[in-house]
Amino acid sequence: MRKGLTLICAVAVVAVALAGAGRALAQEEGEAAPVNQAELASMMTKVLGLQRFVPPVAAATDYFLVLSQNNVIPIDGWKADEVVTVNTLAVVAVKALKLTSEVEDPSDPASYVSVLGTHGIPLDTVGATLAHLKPLEVPVAPTVIAGNVDPGYKR
């Protein structure tokens, strides 16, 4: 039993080491790992100063809710497992920067890409784009339903 457990642990350590080596190699070659929309929403929530409106152990829907209430939504809506494309990144970045008035055609993602280009904001990687975002000046908090309890009332 103990020998089997040791073997399983050893195999797991080797697998993790190989996975890490592959990731490091990909980063050395300049290839970025794909980011899904749930990860993007989590990163954007932190960058935009909205983390305080998300529960400590948050699900993707919590991030989507907070961003949606602040009008940071992809054209097709948030889809947790979908890989972030340049178009999706451009749309949410323009909305987070409050530059939507400069978008010629709100239904065309290329219009959002163009707006970011005129402002010199790169779309090479998610990190490069998010580096240009700042915390929202007046964030909108999710709707909170408060209990109707008088704190001075005792049983």
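Higher on the page you've got the structure.
Residues numbered from 1 in each chain as written. Predicted model: local features only at pLDDT ≥ 70, side-chain atom pairs only at ≥ 80, totals over all residues. Heavy atoms only, no water.

Undergrad: Residue-level account of the packing of helix H2 (residues 37-47) against helix H4 (residues 86-96), with values.
TA: Running from amino to carboxyl end, H2 crosses H4 at an angle of 20°, the nearest separation of the two axes being 12 Å. In terms of orientation, H2 and H4 fall into the roughly parallel class. Between H2 and H4 the crossing geometry is right-handed. Contact with H2, carried on its side by Gln37, Leu40 and Met44, involves Thr88, Leu89, Val92 and Ala96 of H4 and no other residues of that element. (Axes fitted to C-alpha atoms, helices over the stretch in contact; angles between N-to-C directions. Helix = DSSP H or I, 4+ residues; strand = E, 2+ residues; numbered from the N terminus. Parallel < 35°, antiparallel > 145°, perpendicular 65-115°, else oblique. Left-handed = near helix turned anticlockwise from the far one by under 90°. Contact = heavy atoms within 4.5 Å.)

Undergrad: Can you tell me about the side chain of Thr88, naming the residues and giving the values?
TA: With respect to the helices and strands, the residue Thr88 is situated in helix H4. With a relative accessible area of 12%, Thr88 lands in the buried category. At a separation of 3.1 Å, a polar atom in the side chain of Thr88 contacts the side chain of Thr85. (Buried < 20%, exposed > 50% of the residue type's maximum accessible area, 1.4 Å probe, protein only. Polar contact = N/O pair within 3.5 Å; in protein donor to acceptor, adjacent residues only side chain to side chain.)

Undergrad: Describe the environment of Lys134, and please don't skip the residues or the numbers.
TA: Structurally, Lys134 can be placed in the segment after helix H6 (126-130). Taking relative accessible area as the criterion, Lys134 reaches 62% and is therefore assigned exposed. Sequence spacing of Lys134 and Gly49 is 85 residues, and the spatial spacing of their C-alpha atoms is 8.0 Å. For Lys134, the residues in contact, after removing those within four places along its chain, are Val47 and Leu48.

Undergrad: Which residues make up the packing of aromatic side chains, and what values do they have?
TA: This structure, assessed with the given rule, holds one aromatic pair. Between Phe64 and Trp78, the aromatic rings sit 5.1 Å apart at their centres with planes inclined by 10°, giving stacked as the arrangement. Within this pair, whereas Phe64 is found in helix H3 (residues 60-69), its partner Trp78 is found in the loop between H3 and H4, the two being separated by 14 residues in sequence. Assessed through its relative accessible area of 10%, Phe64 is described here as buried. For Trp78, a relative accessible area of 13% corresponds to the buried category. (Phe/Tyr/Trp six-rings, centres within 6.5 Å; stacked < 30°, edge-to-face > 60°.)

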